[in-house]
There are 2 protein chains.
Amino acid sequence: MSDALVFFTPSGKRGRVPIGTPVLAAARQLGVDLDSVCGGRGICSKCQVSPGYGDFPKHGVTVARDALSEWNKVEARYDEKRGLKEGRRLGCQATIQGDVVIDVPPESQVHKQVVRKAADAREIVMDPATRLLYVEVQEPDMHEPSGDFERLKAALLAQWEIAEVEIALPVLTRLQPALRKGNWSVTLAVHRDHASPATRILDIWPGFWEGRLYGLAIDLGSTTIAAHLTDLRNGQVAASAGVMNPQIRFGEDLMSRVSYAMMNPGGDAEMTGAVRKAIGQLAEELATEAGIEARQIVEAVFVCNPVMHHLLLGIDPVELGQAPFALATSGAMHLDARELEIGGVNGAARVYLLPCIAGHVGADAAAVALAERPDMSDDLVLVVDVGTNAEILLGDKRGVLACSSPTGPAFEGAQISSGQRAAPGAIERVEIDPATKEPRFRVIGCDLWSDDPDFATRTAESGITGICGSGIIEAVAELRLAGLMDPRGLLGSAEQTGTPRMIPEGRTHAYLLHDGSAEGGPVITVTQGDIRAIQLAKSALYAGARLLMDEIGTDTVDRVVLAGAFGAHISPKHAMVLGMIPDAPIEKVTSAGNAAGTGARMALCNIADRARIEEVVGRIKKVETAVEPRFQEHFVAANAIPHATAPFPHLREIVELPQVAFNAGDGGADGGRRRRRRG
Amino acid sequence: MSDALVFFTPSGKRGRVPIGTPVLAAARQLGVDLDSVCGGRGICSKCQVSPGYGDFPKHGVTVARDALSEWNKVEARYDEKRGLKEGRRLGCQATIQGDVVIDVPPESQVHKQVVRKAADAREIVMDPATRLLYVEVQEPDMHEPSGDFERLKAALLAQWEIAEVEIALPVLTRLQPALRKGNWSVTLAVHRDHASPATRILDIWPGFWEGRLYGLAIDLGSTTIAAHLTDLRNGQVAASAGVMNPQIRFGEDLMSRVSYAMMNPGGDAEMTGAVRKAIGQLAEELATEAGIEARQIVEAVFVCNPVMHHLLLGIDPVELGQAPFALATSGAMHLDARELEIGGVNGAARVYLLPCIAGHVGADAAAVALAERPDMSDDLVLVVDVGTNAEILLGDKRGVLACSSPTGPAFEGAQISSGQRAAPGAIERVEIDPATKEPRFRVIGCDLWSDDPDFATRTAESGITGICGSGIIEAVAELRLAGLMDPRGLLGSAEQTGTPRMIPEGRTHAYLLHDGSAEGGPVITVTQGDIRAIQLAKSALYAGARLLMDEIGTDTVDRVVLAGAFGAHISPKHAMVLGMIPDAPIEKVTSAGNAAGTGARMALCNIADRARIEEVVGRIKKVETAVEPRFQEHFVAANAIPHATAPFPHLREIVELPQVAFNAGDGGADGGRRRRRRG
């Protein structure tokens, strides 16, 4: 018998190999995913396998105890020094001596699949751009002179089949001492993505280096910058952190930042410097938290809206503030972190920016598309990423449309009389009893409703400080469901509604949600002005979605995905009552969590995903809302609660919408403003 | 007649084109070299041609007056605004209406051939990596959103057939204002060399920019840094300058700089910083002299020895100071000037470093090989680049060998009792009358010999200050020819030689070349110590050449090329008497001037030359002198004047070598040193 049958699990791959073939070589031959950093020298221990012995009726073989070669010196030394788990062998050392079944444990698979936790649960196949390689280099010979780098390249070709190699200059300056200290062996951090055939050496360590490489997935928002420090070996998040975007001092929303750049020469450079500095600090903070060196952070992937995209790159965003909203560049960007002057990471770290879809639909929307893949959906899916601007995607396998809609900051609790950011003490859930018209609510940081006896004690520390975005949405929807507000958004008076909770507010009315004045706390009401602000925001959002629906000629969608950190907290029922989103079966309205952040992590962990999203973005059809007359029409028609543009059979299945109509008085749309003027 | 015969001169290309074809299009079709920056829009005027009319018996045609279309509006406007030379047409405007002969004047040829002046005369075909392109870009359309850069790429593809485009980030940040200011047309500085398929945009100007691009050809020597600011359109040198290499304060010669780096942590970085700063200052100086902006300098090409190569790159040169003399990298380098922190040039300027041949044979030797192309020589040629280290190339079409030899600084006037650098006042030519034993000489800055009656007046300003490298070589050779020195290098006494010019110098003798003491000037002698120093230097040089000759089994070479600034001043006859170089027909010993500098300019002006030299360097066989026992043998045997390793029939044809032998006394090889000790 000169060859043997080998079965690999869990891949199910099998084949015959010559007797004496190392398991690692057999795995490569049969296309089995078995890891190795040292290239089969018994140094890295990444190629551990578990041979099975005895009868395997499924495979039709009986594996003898001597199906693999005996434990050799390298394995013995490794076991002594670091300990090899019971039953494990080093794939590069154990050779095949007879028919055998070999299990590759998850940690020995390069393309390990990671199941993310909680709301973000999604599998990411690991295939990052940067990985570690161990390589042994020939010593110099003065009679055959060649540079150390040239011999390193020869070794990479011979040992790893890497033909085209570049080296960052700072690494080249460290090459000679590293080779000599490592006795002509080194571990390299090598980077290669889909955009270039060249492999770039980002860092070098003498000998076999045991460390790990990390990447940053950064969601660069207008308000906050969120970063996940991600282990590039297994995709696990080692640390997460968020900071306020320091550009806020130049303008709360994007357009005010664009204005700042227009009005102040050098203002864009100032904003660019501020955000780059904040990213560097965030990187340092994350490295400290995870107990790693800045040098181990070799990559960063950014998702952001077009204005942030330009400001990060140092491009004046002025063109994004005026028609035709031309991007300086829409393609994905491949850069050195050094070019962006971002600190806190490896000096040769690479940066990848996802492509932008259009002047108002940025890399963040691209990231959502990567995470949700509407282009692969069988049914028609609407994906809305709710923020100061809403990015909206609509489509299925046949095609995807995108637009952006200027919702404004009301959904984030701004421009609301008692509004505040989502933070402990903020009302985030609201219910109003349709019979008694009495409210109950929950605040962030406490899992009890306000009618629970322990509520007061449990919220003593945070207090009840205001109402956040999801809270105001629920409150407005509940007012409608309780018959306290009519379809036009007008609140009734105490007389009209029969509840003293309706209190006069200038010439309009307000609903008293919580009176904390006895304890020195705030009086929290929902005013006519608040409702108008929410109506404007939700009309913009709905009008955008509606415009895309028009474009493909449909009145309904099969499902709705709410993305964005805020999207995760919106109640689907209330969103539908409000008419933020089109009518759909309630169970088909789901949250995707921070889909943009997920997209960033996917692009960080898998280079094929980068190529994929670039290809998908190229096929997404952009619809510009800013100059589309129908957008205005939809916007007006969407003002009603729910909207007045299409029937909502699914909504009617789960709620009853009271038929009420109140007198606008002389309040109405601008009642809130008048109130303040007179107050 | 639907087509016409077109003859282009001086290329001689001809062919038929349809009536109505613009001359520029016809030129492209027939492969005629006709320039255009604006791509045929009548903007740049680079495509000017001179049509010929009347009988052309050689071509067998008669050209009618209406063989080209009539003068059109674009040509009229151009003529009015800037003036078109008599008889000239714009090739993009004039269309072919009948058989015609069209002359392309030199300034309308892209690949213009430049004849360099004086000693450096050599043709350089212009095909630089960086050129200007005018391009018209489509305006943005919000309904078909794409980035400005993406539309620029589309324009480059459509108008210039450039498919793969990269843009430097600082240029991307200026793209939007430039496009708008130029009303959707821009002029780009685009860079593409042989190493990458991508074209990189280095700079951008609104509309059609009339300026010129420049490159620096830099010969980065141990002692001096010489730079030529070169017009990338025609290869002409706009300004030249040289400065002392500021690293001299860390060590006169290379090995003392290597020692400095070894002894002082951070010493290499200090030297790197110093040389980079000096290069930046040199660039600024050249730009000022030529009246251009730093921004117009878009490229720099460096040639240098391996130690300077490493120090420029920021690589500690310590490995070059010890066997096996391993280079960190030997390949050509393609970098951003920014990576090298070199100022005074365009922020996106590119840098090219020629490849090194081995640890002791650097990019300077590669540049000499490019300028002299020994690999294309039919006869066996020896090329020596004389400096503190001599780089030696020997070969012909069948193969080229290279080595480096540590000649030391004696050839540069150092370690010589009355030695000085080549500067006004230095004796550079010497003759000694064999009959009278009386000398005459010339000094730098005066074209008269010292026996000319006007000599004293004409040298009054500079004085006679010392003797430079070429002067000491001639003096030593003349001493031998005059019978004042024997073949071992020993000087005779006044009695032995019969001339009072031989004066006692300790226990040895010295030859009195010039006594300026009466006028308060120096007494200039050639001492036994000076002769020993020159013997050491010339023995090293000859031994290197001899080692290469051994390698291919020859006692003779067909010709000798003396390269290097110093090489240009050496008298071939004296070099041969001294035995610096092997015996060869005197007319076959020529000077190549600063061949390394020429190689740098060639690589700057023609990218094919870059590819060529990389290929040639790959084929050059390196011989290491440092560890070769035969080098020592040759070194000892070469001590005689001339050397004692082979006959010298060619030398004997032109000179008579007196048979003399003097008593070494107790002076001899170290007589000079003893003298000082006792003096």
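Scroll up to find the structure this text is about.
Every chain is numbered on its own, with residues counted from 1 as its sequence reads. Naming scheme: in the order in which they are written, chains are lettered from A and ligands are numbered from 1. Note on the predicted model: pLDDT of at least 70 is required for a residue's local features to be given, and 80 or more for side-chain atom pairs to be given and counted; whole-chain, interface and lining totals, by contrast, use all residues. The basis for every side-chain value is the complete set of heavy atoms in the structure, and neither hydrogens nor water enter the calculation.

Draft legend 1. Inspection of the pairing of strand β19 (residues 350-353) of chain B at higher detail. All names here are of chain B. Judged by which residues are buried, β19 turns out to be covered on both faces: R350 and Y352 on one side and V351 and L353 on the other are all buried. Two strands qualify as a pair provided DSSP detects at least 2 bridges between them. Only DSSP runs of H or I with at least four residues qualify as helices, and only runs of E with at least two residues qualify as strands; both kinds are numbered from the N terminus onward. Pairing geometry for strand β17 (residues 297-304) and β19, over 4 bridges, is parallel. Note on β19: the bridge partner recorded for F302 is L353. Bridge count for strand β18 (residues 333-336) against β19 is 4 bridges, and the pairing is antiparallel. Each residue gets one of three labels from its accessible area relative to the maximum for its type: buried under 20%, exposed over 50%, partly exposed in between, using a 1.4 Å probe on protein chains only.

Draft legend 2. Representation of the pattern of salt bridges. All names here are of chain A. For salt bridges, the criterion is a side-chain nitrogen of Lys or Arg within 4 Å of an Asp or Glu carboxyl oxygen. On inspection of all chains with the given rule, the structure shows 78 salt bridges over all chains. Among the salt bridges present, the one from D193 reaches R610, with a minimum N-O distance of 3.5 Å. Linking D193 in the loop between β12 (185-191) and β13 (199-206) with R610 in helix α15 (residues 607-619), this pair joins segments that are 417 residues apart in sequence. Residue classification places R610 among the buried positions, given a relative accessible area of 1%. A salt bridge links D375 to R373; the nearest nitrogen and oxygen atoms lie 2.9 Å apart.

Draft legend 3. Seen up close, the packing of aromatic side chains. Any Phe, Tyr or Trp ring, taking Trp's six-membered ring, that has another such ring centre within 6.5 Å forms a pair; planes under 30 degrees apart are called stacked, those over 60 apart edge-to-face, and the others tilted. In total, this model carries 10 aromatic pairs over all chains according to the counting rule given. Ring geometry for B:Y134 against B:F208: centres 5.8 Å apart, planes inclined by 65°, an arrangement best described as edge-to-face. You can see B:Y134 sitting in strand β10 (residues 130-136) and its partner B:F208 sitting in the loop between β13 (199-206) and β14 (214-220), a full 74 residues away along the chain. An identical accessibility class is assigned to B:Y134 and B:F208; each is buried. Taken together, a centroid distance of 6.4 Å and an interplanar angle of 20° make the contact between B:F631 and B:F635 stacked. Of this pair, B:F631 and B:F635 both sit in helix α16 (residues 629-637), 4 residues apart, which is roughly one turn of the helix. In this scheme, Lys NZ or Arg CZ marks a charge over a ring once it lies within 6 Å of the ring centre and within 35 degrees of the ring normal. Looking at A:R442, its charged tip hangs above the ring of A:W449, at a distance of 5.7 Å from the centre. In this arrangement the basic side chain of B:R65 is found over the ring face of B:Y53, its NZ or CZ atom lying 4.1 Å from the centre.

Draft legend 4. Examining the side chain of A:E319 more closely. For A:E319, the location among the structural elements is in the loop between α7 (306-313) and β18 (333-336). Here A:E319 falls in the buried class, since its relative accessible area comes to 11%. A polar atom in the side chain of A:E319 sits 3.1 Å from the side chain of B:R180. Any pair of residues with heavy atoms lying within 4.5 Å of one another is described as a contacting pair. Sequence-distant contacts of A:E319, that is, excluding residues within four places in its chain, are made with A:F325, A:A326, B:Q176 and B:R180. Whenever a nitrogen or oxygen atom comes within 3.5 Å of another N or O atom, the pair is scored as a polar contact, on the condition that within protein one atom can donate a hydrogen and the other can accept it, and that pairs from neighbouring residues in sequence are kept only if both atoms are in side chains.

Draft legend 5. Looking closely at unusual backbone geometry. All names here are of chain A. Here T9 and P10 are connected by a cis peptide whose omega angle stands at 0°. Position of P10 among the secondary structure elements: in the loop between β1 (3-9) and β2 (14-18). The peptide bond linking I641 to P642 adopts the cis configuration, its omega dihedral lying at -10°. Mapped onto the secondary structure, P642 falls in the loop between α16 (629-637) and α17 (649-654). The residue S45 is not glycine, and still its phi comes out positive at about 65°. Located in the positive-phi region is K437, a residue other than glycine, with phi close to 65°. Along the chain, K437 falls in the loop between β23 (426-432) and β24 (439-443). Since its relative accessible area comes to 16%, K437 is described here as buried.

Draft legend 6. Representation of the interface of chain A and chain B in the model. Taken together, the 41 residues of chain A in the interface contact 41 residues of chain B. Carbon and sulfur atoms make up 61% of the area that chain A and chain B hide from each other, which totals about 3100 Å². When two parts are brought into contact, each loses some accessible area as probed by a 1.4 Å sphere; the total of that loss over both is the buried area. Together, A:M142, A:L169 and A:Q176 form the three largest contributors to the area buried by chain A at its contact with chain B, with a combined 21%. Along the contact surface separating chain A from chain B lie 2 salt bridges. Measuring nitrogen to oxygen at the nearest pair gives 3.1 Å for the salt bridge that ties A:E319 to B:R180. In this structure, the connection of chain A to chain B is made through 20 residue pairs in polar contact (both at pLDDT 80 or more). When contributions to the side of chain A that touches chain B are tallied by element, the ones reaching two or more residues are α3 (148-160), α4 (169-181), α7 and β18 of chain A. No other element matches α4(A), which puts 6 residues into the side of chain A that touches chain B. Residues belonging to the side of chain A that touches chain B are distributed by class as follows: 21 nonpolar, 10 polar and 10 charged. For this classification, the nonpolar set comprises Ala, Val, Leu, Ile, Met, Phe, Trp, Tyr, Cys and Pro, the charged set comprises Asp, Glu, Lys and Arg, and every other residue, Gly included, is treated as polar.

Draft legend 7. Quick look at the relation of the copies chain A and chain B. Screw-axis analysis of chain A against chain B gives a translation of 0.1 Å along the axis, an RMSD of 0.2 Å, and a rotation angle of 180°. The two molecules are tied by a two-fold rotation axis, judged by turn and shift. Considering only C-alpha atoms, the residue of chain A closest to the rotation axis is A:E339, which sits at 5.2 Å. Taken as a fraction of all interface residues of chain A, those also at the interface in chain B reach 100%, which identifies the copy contact as same-surface. To superpose the copies, least squares is applied to the C-alpha atoms of every residue with a pLDDT of at least 70 in both.

Draft legend 8. A look at the sheet that holds strand β20 (residues 381-385) of chain A. Residues and elements named next belong to chain A. Strand order in the open sheet formed by 6 strands is β30-β29-β20-β21-β22-β31, with mixed pairing between adjacent strands. Each of the sheet's edge strands pairs with one partner strand only, and the pair in question is β30 (589-593) and β31 (621-622). One ladder, built from 5 bridges, connects β20 with strand β29 (residues 559-563); its direction is parallel. By the bridge assignment, D385 is partnered in β29 with A563. Angles run from 0 to 180 degrees between N-to-C directions of axes, and those axes are lines fitted to C-alpha atoms, restricted for helices to the stretch in contact. Packing against the sheet, helix α8 (residues 363-372) makes contact with β20, β21 (390-396), β29 and β30, and its axis sits at approximately 40° to β21.

Draft legend 9. Representation of the packing of helix α12 (residues 528-552) of chain B against α16(B) within the structure. All names here are of chain B. One way to put it is that α12 packs onto α16 with a least axis distance of 8 Å and a crossing angle of 130°. When the interaxial angle is binned, α12 and α16 end up oblique. With respect to the hand of their crossing, α12 and α16 are arranged in right-handed fashion. Contacts from L536, S539, A540, A543, G544, R546, L547, D550 and E551 of α12 reach α16 at R630, F631, H634 and F635. Residue composition of the contact of α12 with α16, grouped by class: 6 nonpolar, 3 polar and 4 charged. Oblique is the label for every angle not falling under 35 degrees (roughly parallel), over 145 degrees (roughly antiparallel), or within 65 to 115 degrees (roughly perpendicular). Here a crossing is called left-handed whenever its near helix is offset anticlockwise from the far helix by less than a right angle, and right-handed whenever the offset is clockwise.

Draft legend 10. Just the state of the cysteines, in detail. All names here are of chain B. Pairs of cysteine sulfur atoms within 2.5 Å are identified as disulfides in what follows. With the rule as written, the count across this model stands at 0 disulfides over all chains. In this model C47 remains outside any disulfide bridge; the closest cysteine sulfur is found in C92, 3.8 Å from its own. Judged by relative accessible area, C47 falls into the buried class, the value being 2%. Unpaired in terms of disulfides, C304 finds its nearest cysteine sulfur in C356, a separation of 6.5 Å. By relative accessible area, which is 1% here, C304 ends up buried.

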